[in-house]
Amino acid sequence: MLRSFLIYLSKAAWAQKLVTNWGFAWRAASRFIAGERIEDAIRAIRELNAKGINATLDHLGEHTSTTDEASNATEDILAVLDEIDKAKVRANVSIKLTQIGMGLDESICRQNLIRILERAKQHNNFVRIDIEDTPYTDITVSIYNAMLERGFTTQTMGMAVQAYLYRAEADTRALLEKGTRFRLVKGAYKEPADKAYPKKADTDANFDLLTKIMIDATLKIELNKGSEDGRIPPIPAIASHDEKRIAFAKQYAEKVGLPKEAIEFQMLYGIRRDLQDQLVKEGYPVRVYVPFGTHWYPYYMRRLAEKPANVWFFVSNFFRK
């Protein structure tokens with residue numbers, strides 16, 4: 001019940017306007033968000049890189065409502081790619097297609113995405129196309145495939161897949177045939193029972209199945225490792241803070257002989273830093289998802305929904321002077 005309510009709040013304009021005016025809300029959110037400026041994010045990435053951890057930089061924003069907003073968001077992402085190249089940090093970028101116009105006009109979204117991918121290719125960098133809630137799943141996969149047909153490769157772009165969706169296995173198998181580099185997540189949206197597994201145990205089981213499918217496919221793909229500069233990830237990126245899911249991935253990869261450098265573990269900024277450090281010490285590539293920007297409210301509310309225990313952290317900040 002609490003999770004559903006928090007996801008509802010993540011999309012409620014009235015709640016966003018109210019909460020973002022509370023100073024304590026930003027104090028709580030800053031645990032999970034690097035800052036509001038690109039300089040803040042680059043500083044956070046340098047700290048991660050110093051510990052042997054790569055990063056994915058996300059300029060927060062989604063569901064733009066006008067073509068000008070989509071164009072401005074595109075310019076911001078281009079600037080992020082330029083800044084990563086200038087700073088020489090070990091990082092790539094993640095984007096949501098609704099951020100660059102998918103909810104407005106597919107052709108506008110495609111044009112903006114082409115500009116982003118061209119800039120990423122220019123800088124020898126990588127763009128992760130995030131997956132959003134199910135009204136946008138088909139069109140997201142379609143646009144990704146269209147970019148492949150246009151000539152962009154899996155060295156420049158990749159996808160995410162959500163384990164709680166029934167369709168995830170079919171999508172994963174189809175896109176792996178094209179060498180797609182995946183970010184495997186459990187899923188952070190409220191989905192109907194005919195679209196997603198309602199029980200955590202079923203989502204966990206599907207997560208492990210998708211992990212196995214990705215690892216098996218990676219063994220058959222020649223360019224299956226990440227780049228030495230930390231920008232292009234391996235094919236399977238296991239994005240989880242769940243130690244059981246991580247243990248399964250490690251054990252299965254070792255069983256079938258997949259080298260450690262051919263699988264990556266991804267975590268969110270500010271969460272399970274101890275586990276991040278442990279995996280680095282064990283010799284695995286680790287990447288932290290580093291969000292920044294002024295549009296932090298929806299992202300933060302979904303983090304609370306994923307782990308309602310974090311609500312206490314939010315509430316406790318209300319009483320801090």
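It should be noted that the structure appears before, not after, this text.
Bear in mind that the values here come from a model prediction, so they are computed numbers and not experimental data.

## A word on the pattern of salt bridges
Here's step 1: Enumeration over the complete set of coordinates arrives at 24 salt bridges.
Here's step 2: We note a salt bridge from R119 to D82, for which the minimum N-O separation is 2.8 Å. Residue R119 is located in helix α6 (residues 106-122), and its partner D82 is located in helix α5 (residues 67-87); the two are separated by 37 residues in the primary sequence.
Here's step 3: Residue R119 is classed as partly exposed on the basis of its relative accessible area of 23%.
Here's step 4: A salt bridge links D204 to K200; its shortest N-O distance comes to 2.7 Å. You can see D204 and its partner K200 sitting in helix α9 (residues 200-218), four residues apart, about one turn around the helix.
Here's step 5: According to the relative accessible area criterion, D204 is buried, its value standing at 10%.
Here's step 6: Classification of K200 as exposed rests on a relative accessible area of 55%.

## Comments concerning unusual backbone geometry
For residues other than glycine, phi is negative in most cases, and the peptide bonds are mostly trans.
Here's step 1: Residue K88 is not a glycine yet carries a positive backbone phi of 60°.
Here's step 2: A relative accessible area of 60% places K88 in the exposed class.

## Quick word on the side chain of R231
Here's step 1: Within the secondary structure, R231 is located in the loop between α9 and β6 (236-239).
Here's step 2: At a separation of 3.2 Å, a polar atom in the side chain of R231 contacts the main-chain carbonyl oxygen of H123.
Here's step 3: Beyond its immediate chain neighbours, meaning those up to four positions away, R231 contacts I84, D85, K88, V89, A91, N92, H123, N124, N125, F126 and R287.

## With respect to the packing of aromatic side chains
Here's step 1: What the rule picks out here adds up to three aromatic pairs.
Here's step 2: Arranged with centres 4.7 Å apart and planes meeting at 80°, the rings of Y166 and Y197 form a pair that is edge-to-face. Here Y166 is found in the loop between β4 (157-162) and α8 (168-176), whereas its partner Y197 is found in the loop between β5 (182-185) and α9, with 31 residues between them in sequence.
Here's step 3: Ring geometry for F248 and Y252: centres 6.2 Å apart, planes at 0°, overall stacked. Taken as a pair, F248 and Y252 lie in helix α10 (residues 243-256) at a separation of four residues, close to a single helical turn.
Here's step 4: On the basis of relative accessible area, Y252 is assigned to the buried category, the value being 12%.
Here's step 5: Over the ring of Y284 we find K260; its NZ or CZ atom is 5.1 Å from the centre of that ring.
Here's step 6: We note R273 situated over the ring of Y269; from NZ or CZ to the ring centre the distance is 5.9 Å.

## A short note on the pairing of strand β8 (residues 286-292)
Here's step 1: Most of β8 sits inside the fold, with seven of its seven residues counted as buried.
Here's step 2: Side-chain alternation along β8 places V286, V288, V290 and F292 on one buried face and R287, Y289 and P291 on a second face that is also buried.
Here's step 3: Direction of pairing for strand β7 (residues 264-268) relative to β8: parallel, over a ladder of four bridges. Within β8, the residue paired with F265 across the bridge is V286.
Here's step 4: With helix α11 (residues 273-281) bridging β7 and the parallel β8, this β-α-β connection has right-handed handedness.

## Some remarks on the environment of G187
Here's step 1: Within the secondary structure, G187 sits in the loop between β5 and α9.
Here's step 2: Separated by 23 residues in the primary sequence, G187 and Y164 have C-alpha atoms spaced 6.0 Å apart.

## Some words on the packing of α9 against α10
Here's step 1: It is at 10 Å that the axes of α9 and α10 come closest, and there the two elements cross at 30°. The orientation of α9 with respect to α10, classified from their angle, is roughly parallel. Once α9 is placed against α10, the crossing between them reads as right-handed. Across the interface between the two elements, D204, F207, D208, T211, K212, I215 and D216 of α9 pack against R245, F248, A249, Y252, A253 and V256 of α10.
Here's step 2: Within the contact of α9 with α10, the residues separate by chemical class into seven nonpolar, one polar and five charged.

## What about α5?
Here's step 1: A rise of 1.5 Å per residue sets the reference length of α5, with its 21 residues, at 30 Å; its end C-alpha atoms lie 30 Å apart and thus fit the reference within 8%.
Here's step 2: Within α5, the full set of buried residues consists of A70, A73, T74, I77, L78, V80, L81, I84 and A87.
Here's step 3: Packed against the buried residues of α5 are α4 (38-50), β1 (54-59), β2 (91-95), α6 and β8.
Here's step 4: Just downstream of α5, K88 is the residue with a positive phi angle, here 60°.

Here is what the cut-offs are and how they apply
- Residues numbered from 1 in each chain as written.
- Predicted model: local features only at pLDDT ≥ 70, side-chain atom pairs only at ≥ 80, totals over all residues.
- Heavy atoms only, no water.
- Salt bridge = Lys/Arg side-chain N within 4 Å of Asp/Glu carboxyl O.
- Helix = DSSP H or I, 4+ residues; strand = E, 2+ residues; numbered from the N terminus.
- Buried < 20%, exposed > 50% of the residue type's maximum accessible area, 1.4 Å probe, protein only.
- Polar contact = N/O pair within 3.5 Å; in protein donor to acceptor, adjacent residues only side chain to side chain.
- Contact = heavy atoms within 4.5 Å.
- Phe/Tyr/Trp six-rings, centres within 6.5 Å; stacked < 30°, edge-to-face > 60°.
- Lys NZ or Arg CZ within 6 Å of the ring centre and 35° of its normal.
- Pairing = 2+ DSSP bridges.
- Right-handed = clockwise from strand over helix to strand, strands pointing away.
- Axes fitted to C-alpha atoms, helices over the stretch in contact; angles between N-to-C directions.
- Parallel < 35°, antiparallel > 145°, perpendicular 65-115°, else oblique.
- Left-handed = near helix turned anticlockwise from the far one by under 90°.
- Nonpolar A, V, L, I, M, F, W, Y, C, P; charged D, E, K, R; others polar.
- Expected span 1.5 Å × (residues − 1).

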